[in-house]
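# Structural overview for review
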Amino acid sequence: MKIERKYLAHYLNAAFGEETAEYCRLGADLEEYAPEMSANVEKKTNILGETSVVIDSYQKQGEVAPYYAEDGDPLFEKLQAILDGDLVLDDLKTDIVEVKLWGQASSGAFPAVKEDCYIEIVSYGGDTTGYQIPFNVHYTGVKTKGTFDPTTRTFTPEQ
């Protein structure tokens, strides 16, 4: 049985470094969100004609476009603060949780992986459809397995 795309959820922490996380689900205006893995691949062919392949790292990133600003949305407020303050470096660091909603729910929580990431704003403004702030999510590879409860929007690390 095929798994529908809506069952792979991505929650971005709009609290950016604050003690209490504030997860916002990506997707309201997105037709697609597919993090690109961008593997570092090295291929070598020896004198026998044999090719060896080494994949030693990934530079994963995802594109959130369009992203329409909504007054009162915590993610919009943080993106606007980044724009207004020309924020850089660790002020752009947060985390994103990928939740497998088809997995076995345990007390309302589903299997999940939280990963540190940085947000890069691509542009802002947009057309007549509304104020847009498209951005990229740059994953760091620092991951924590656990569970996520979509109702309370809380991540619990594996023990």
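The structure under discussion appears in the preceding block.
What this report covers is the structure whose coordinates are included nearby. One numbering rule holds for all chains: residues counted from 1, following each sequence as written. For a predicted model such as this one, the threshold for reporting local features is a pLDDT of at least 70, and the threshold for listing and counting side-chain atom pairs is 80 or more; totals across whole chains, interfaces and linings nevertheless cover every residue. Heavy atoms from the whole structure form the basis of all side-chain values; hydrogens and water molecules are not counted.

## Quick notes on the packing of aromatic side chains
To pair, rings of Phe, Tyr and Trp, with the six-membered ring standing in for Trp, must have centres within 6.5 Å; the planes then decide the type, stacked if under 30 degrees apart, edge-to-face if over 60, and tilted in the middle. Summed over the entire model, instances satisfying the criterion amount to 4 aromatic pairs. Look at tyrosine 11 and phenylalanine 148: their rings are 4.5 Å apart centre to centre, the planes differ by 35°, and that puts the pair in the tilted class. On the criterion of sequence distance, the pair formed by tyrosine 11 in strand β1 (residues 8–13) and phenylalanine 148 in strand β8 (residues 135–149) is long-range, its members being 137 residues apart. Judged on exposure class, the residue tyrosine 11 and its partner phenylalanine 148 are both buried. With 5.7 Å between their ring centres and 65° between their planes, tyrosine 67 and phenylalanine 135 make a pair best called edge-to-face. Remark: phenylalanine 135 occurs in strand β8 and tyrosine 67 occurs in the loop between β5 (61–64) and α1 (74–85); sequence separation between them is 68 residues. Overall, phenylalanine 135 belongs to the buried group, its relative accessible area being 0%. Three or more aromatic residues joined by ring pairs make a cluster, and in this case those are Tyr11, Tyr23 and Phe148. Only lysine NZ and arginine CZ atoms are considered, and such an atom sits over a ring when it is within 6 Å of the ring centre and within 35 degrees of the ring normal. The positively charged end of lysine 60 is found above the aromatic ring belonging to tyrosine 139, 4.3 Å away from the centroid. Helix numbers and strand numbers start at the N terminus; a helix is a DSSP run of H or I with at least 4 residues, a strand a run of E with at least 2. Burial status follows relative accessibility: with a 1.4 Å probe on protein chains alone, a residue under 20% of its type maximum counts as buried, one over 50% as exposed, and anything between as partly exposed.

## Notes on the pairing of strand β9 (residues 154–157)
On any regular strand, side chains alternate: one points to one face of the sheet, the next to the other face. Following DSSP output, two strands are said to pair if at least two bridges run between them. Sheet topology note: the β8/β9 ladder contains 4 bridges and is antiparallel. Paired with phenylalanine 148 across the strands is phenylalanine 155, a residue of β9. The loop that links β8 with its antiparallel partner β9 comprises 4 residues; one of these, arginine 153, has a positive phi angle of about 55°.

## What to know about the environment of glutamine 132
Mapped onto the elements, glutamine 132 comes out in the loop between β7 (110–121) and β8. Separated by 20 residues in sequence, glutamine 132 and alanine 112 have C-alpha atoms that sit 29 Å apart. The contacts of glutamine 132, once residues within four sequence positions are left out, are Pro66, Tyr67, Tyr68, Ser123, Tyr124, Gly125, Gly126 and Asp127. A polar atom in the side chain of glutamine 132 sits 3.3 Å from the side chain of threonine 129. Contacts between residues were defined by any pair of non-hydrogen atoms, one from each residue, lying within 4.5 Å. In protein, a polar contact requires one atom able to donate a hydrogen and another able to accept it; more generally it is a pair of N or O atoms within 3.5 Å, and residues adjacent in sequence count only if both atoms are side-chain atoms.

Any functional reading would require information beyond the geometric quantities listed.
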